[in-house]
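Analysis of the macromolecular model
Listed below, chain by chain, are the residues.
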Amino acid sequence: MGKHLFRPSSPREKQPAHQSLAEAAVQECMSNITTVISKWTSSSDEFLFSTNSRREAEEFASAVKHLQSTMHRLVSVNPSSEKLIYAQNLMQSAMKLLESEFKRVLNENREYLDPESVSVRSCRSSRFSTSTTVSVSDSEDESTYEENPDDHRFSGGDSDAMDDLKMIADCMISTGYAKECVRVYKTVRRSIVDETLHNLSVERFTLHQIQKMDWEILDSKIRSWLRAVKLAVRSLFFGERILADHVFSSSTNIVESSFTDITQEGALTLFAFPENAAKIKKLSPEKMFRYLDMYEALANLYVEVESIFYFDSAAAVRSQVINSLARLGDAVRSMMTDFELAIQKETSKTPVIGGGVHPLTRYVMNYLSFLADYSESIAAIFENWKLSESTPLPLPESLSGDEAHPQDLYSSPVSVRIAWVILLTLCKIDGKAQPYKDVALSYLFLANNLQYVVAKVGSSNLRLLLGDDWLVRHEAKVKQYADKFEKLAWGKVLTSLPGNPAEEMSPEEATEIYTRFNDEFEASYRRQISWVIPDPKLRDQIKISLSQKLLLVCTEFYKRNRDTEFYKVGDSVNGSVVRYTPEDIGNYLSDLYFGSRGSGSVSTKGSGSGSGTGSSTTGISRGGRSH
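This section reports on the structure supplied with the text. Quick caveat: nothing in here was measured; it's all calculated off a predicted structure.

Broken down by element type, the protein carries 22 helices and two strands. Taken over 627 residues, the protein has a buried fraction of 49%. For the protein, the accessible surface area stands at approximately 31000 Å², while carbon and sulfur atoms represent 50% of it.

Okay, empty space enclosed by the protein next. Under the counting rule described, the total for this entry stands at six cavities of 30 Å³ or more. Taken as a whole, the largest cavity spans an internal volume of roughly 80 Å³. Along the walls of the largest cavity sit Ser-201, Val-202, Glu-203, Phe-205, Lys-221, Ser-224, Trp-225, Thr-269, Leu-270 and Phe-273, which together make up its complete lining. Of all the secondary-structure elements, those providing two or more residues to the lining of the largest cavity are helix H11 (215-247) and helix H12 (252-278). Residue composition of the lining of the largest cavity, by class: five nonpolar, three polar and two charged.

Now for the packing of helix H16 (residues 375-382) against helix H17 (residues 413-432). Running from N to C, H16 and H17 point in directions that differ by 95°, and their axes come no closer than 8 Å. Taken together, the axes of H16 and H17 lie roughly perpendicular to each other. Along its contact with H16, which presents Ile-378, Ala-379 and Phe-382, the element H17 presents Pro-413, Val-414 and Arg-417. For the contact of H16 with H17, the per-class residue count stands at five nonpolar, no polar and one charged.

Here the focus is unusual backbone geometry. In this structure, Asn-384 takes a positive phi of about 65° despite not being glycine. On the secondary structure map, Asn-384 appears in the loop between H16 and H17. At Tyr-593, a residue that is not glycine, the phi angle is positive and equals roughly 70°. Looking at where Tyr-593 falls in the secondary structure, it is placed in the loop between helix H22 (582-591) and strand S1 (602-603). Residue classification places Tyr-593 among the buried residues on the basis of a relative accessible area of 1%.

Across all of its chains, the model carries 23 salt bridges by this definition. A salt bridge links Asp-293 to Arg-290; its shortest N-O distance comes to 3.5 Å. Linking Asp-293 with Arg-290, this pair stays in helix H13 (residues 288-308), spanning three residues, or about one helical turn. A residue is classified by how much of its surface remains accessible, and Asp-293, at 18% relative accessible area, is buried. By relative accessible area, Arg-290 is classed as partly exposed at 24%. Taking the shortest distance from any N to any O, the salt bridge between Asp-330 and Arg-333 comes out at 2.5 Å. Of this pair, Asp-330 and Arg-333 both sit in helix H14 (residues 315-345), three residues apart, roughly one helical turn. Salt bridges here are not isolated pairs; linked through shared partners, they connect Asp-219, Arg-223, Arg-290 and Asp-293.

Our focus in this paragraph is H16. Regarding H16, the residues found buried are Ser-377, Ile-378, Ile-381 and Phe-382. Viewed end-on, H16 has its buried residues packed into an arc of 115°, placing them on one side of the element. Contacts from the buried residues of H16 go to H13, H14, helix H15 (359-372) and H17. Two residues or fewer after H16 comes Asn-384, characterised by a positive phi angle close to 65°.

Take the nonpolar core next. The biggest cluster of nonpolar side chains holds 160 residues, and the ones touching the most others in it are Phe-102, Phe-237, Phe-248, Phe-271, Tyr-291, Leu-368 and Ile-422. The greatest single-element share of this core, amounting to 15 residues, is contributed by H11. If we skip the residues at most four places from it in the chain, Phe-237 touches Val-193, Leu-197, Ala-232, Phe-259, Thr-263, Gly-266, Ala-267, Leu-270, Phe-271, Ile-308 and Phe-309.

Reading the values: rules and limits
Residues numbered from 1 in each chain as written. Predicted model: local features only at pLDDT ≥ 70, side-chain atom pairs only at ≥ 80, totals over all residues. Heavy atoms only, no water. Helix = DSSP H or I, 4+ residues; strand = E, 2+ residues; numbered from the N terminus. Buried < 20%, exposed > 50% of the residue type's maximum accessible area, 1.4 Å probe, protein only. Areas by Shrake-Rupley, 256 points an atom, 1.4 Å probe, with all protein chains shown as cover. 1 Å grid on protein atoms, 1.4 Å probe; cavity = no way out; pocket = protein on both sides within 12 Å on 5 of 7 lines; lining within 4 Å. Points joined across faces, edges and corners; volume = space filled by probe spheres on them. Nonpolar A, V, L, I, M, F, W, Y, C, P; charged D, E, K, R; others polar. Axes fitted to C-alpha atoms, helices over the stretch in contact; angles between N-to-C directions. Parallel < 35°, antiparallel > 145°, perpendicular 65-115°, else oblique. Contact = heavy atoms within 4.5 Å. Salt bridge = Lys/Arg side-chain N within 4 Å of Asp/Glu carboxyl O. Arc of directions from axis to C-beta. Core = buried A, V, L, I, M, F, W, Y, C linked by side-chain atoms within 4.5 Å.

Structure representation (structure tokens):
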């Protein structure tokens with residue numbers, strides 16, 4: 001009797017009630033599942049997970065899970081039941097069907113499940129399952145996530161594909177077939193990531209390959225990388241993370257392993273490029289802005305990279321971004337040092353014709369104004385980078401004082417560096433004023449160059465770095481230069497006129513004053529006919545100042561003496577000593593400082609004033625701009 005109790009049950013023996021119930025439950029599940037498997041494996045035109053059969057798919061997945069639970073119950077009460085073997089075989093068939101459907105849904109919905117589409121939908125409706133999320137802050141970035149109703153990548157395809165994948169994954173994971181599910185997922189999604197990166201022109205280069213590239217080729221690679229990196233982070237990797245979070249929401253470990261395996265290789269290739277590009281030796285300062293572009297792009301994306309590659313297994317990706325930022329910073333600092341050395345070593349001796357703006361001034365200020373556009377990036381790169389003043393600058397008197405020590409004026413390392421470079425440039429410009437034989441022209445040269453510096457600072461982001469106080473101080477120095485120029489260039493003309501033009505005088509005295517004025521005015525005009533003041537504001541300021549000092553006296557003197565007899569006294573050939581009326585003088589002044597190469601030669605046409613004063617035919621031709 002005892003042996004009989006421990007023999008395996010036979011169909012003819014009466015089983016305990018709890019065993020019969022467990023087997024009946026398994027049998028019922030098996031019947032339901034068998035029917036579905038037979039139906040969908042025999043059809044080549046229709047699929048279980050499709051729009052028309054979604055309810056049946058849900059019931060099938062539920063039945064498979066139920067079969068798993070009833071099998072566990074049966075094992076606990078009758079581990080030797082033959083139905084367990086049949087159920088296990090049926091479970092494998094069900095898993096085979098689910099695996100096939102999982103792969104099909106992934107492949108057939110590649111367009112709808114491309115990372116860009118997933119990321120667009122996610123920005124509207126979902127968040128990462130982890131505590132950190134990707135956020136889009138500025139309006140430009142938000143626009144990249146707006147759905148375009150005319151774009152079939154966003155609106156086409158099976159809208160339930162993500163949910164179908166999640167349903168299948170949940171079922172396979174819960175029944176012990178996670179490995180098969182993840183294998184299929186990784187294979188399909190990795191191919192999509194690789195294909196997308198290839199389409200974005202992301203290539204794997206060794207350091208040796210990059211170092212051998214001509215700059216034109218490397219520059220094109222950098223520009224391609226700049227276009228690719230934002231799309232890769234905000235669309236490709238972001239979309240993959242969202243998809244993995246959704247499909248494998250039942251298992252954080254699977255989300256991590258699948259996402260990391262799919263994206264890590266491509267991400268490392270993408271983020272390693274700037275580091276290798278920054279290791280190139282002897283990068284000229286002109287190339288700095290491409291490297292700042294890369295630095296800015298990575299820095300702006302780093303918070304998102306941290307959120308997307310949040311897992312411990314993705315630490316290598318985060319570290320690569322940090323390493324690339326560090327290398328780019330080193331390269332920028334090195335190029336900035338070379339830029340400063342290039343200014344110090346500039347040795348051109350040839351004076352600029354007409355006292356215009358020196359090419360060094362233009363080059364430096366254009367460079368710095370571009371640099372200031374990267375204020376956030378250079379603030380990070382220049383942080384803790386102390387200014388080295390190993391070689392004292394030969395400071396001109398006008399630039400001495402607080403300006404000689406910018407580190408005492410600014411707390412920002414960027415502002416200190418910019419102010420130092422400008423000071424260095426102005427010192428070089430002061431030296432380049434020495435070759436001018438005409439002292440007045442040397443001061444005009446200094447005024448022109450400092451005005452160019454001031455104008456560049458005032459019209460660019462340099463103003464934010466140096467402040468309005470800097471502008472006020474240097475505008476005052478421009479005026480000092482201009483005043484000295486005016487005194488040296490026009491001093492003799494001004495002193496040739498009477499101190500009190502309304503004072504009565506004899507015709508002989510008036511004739512002497514006019515003769516002296518004519519000579520000095522002609523000499524000054526001829527000397528300055530080729531001089532230039534490129535800045536309209538400075539040119540107008542100097543001309544207004546001259547007009548106020550010269551024309552007011554000339555006009556008063558002219559009116560006071562126009563009806564006297566001195567007009568009849570003078571050169572018998574010319575007939576009059578009045579060569580220039582106030583109107584003529586104003587016209588001649590208006591022609592100056594446009595850089596004309598006119599000769600300032602003696603004219604035979606007279607003043608052409610039409611004033612009816614009997615003007616002399618001796619004079620100077622107006623070599624300035626035409627009216």
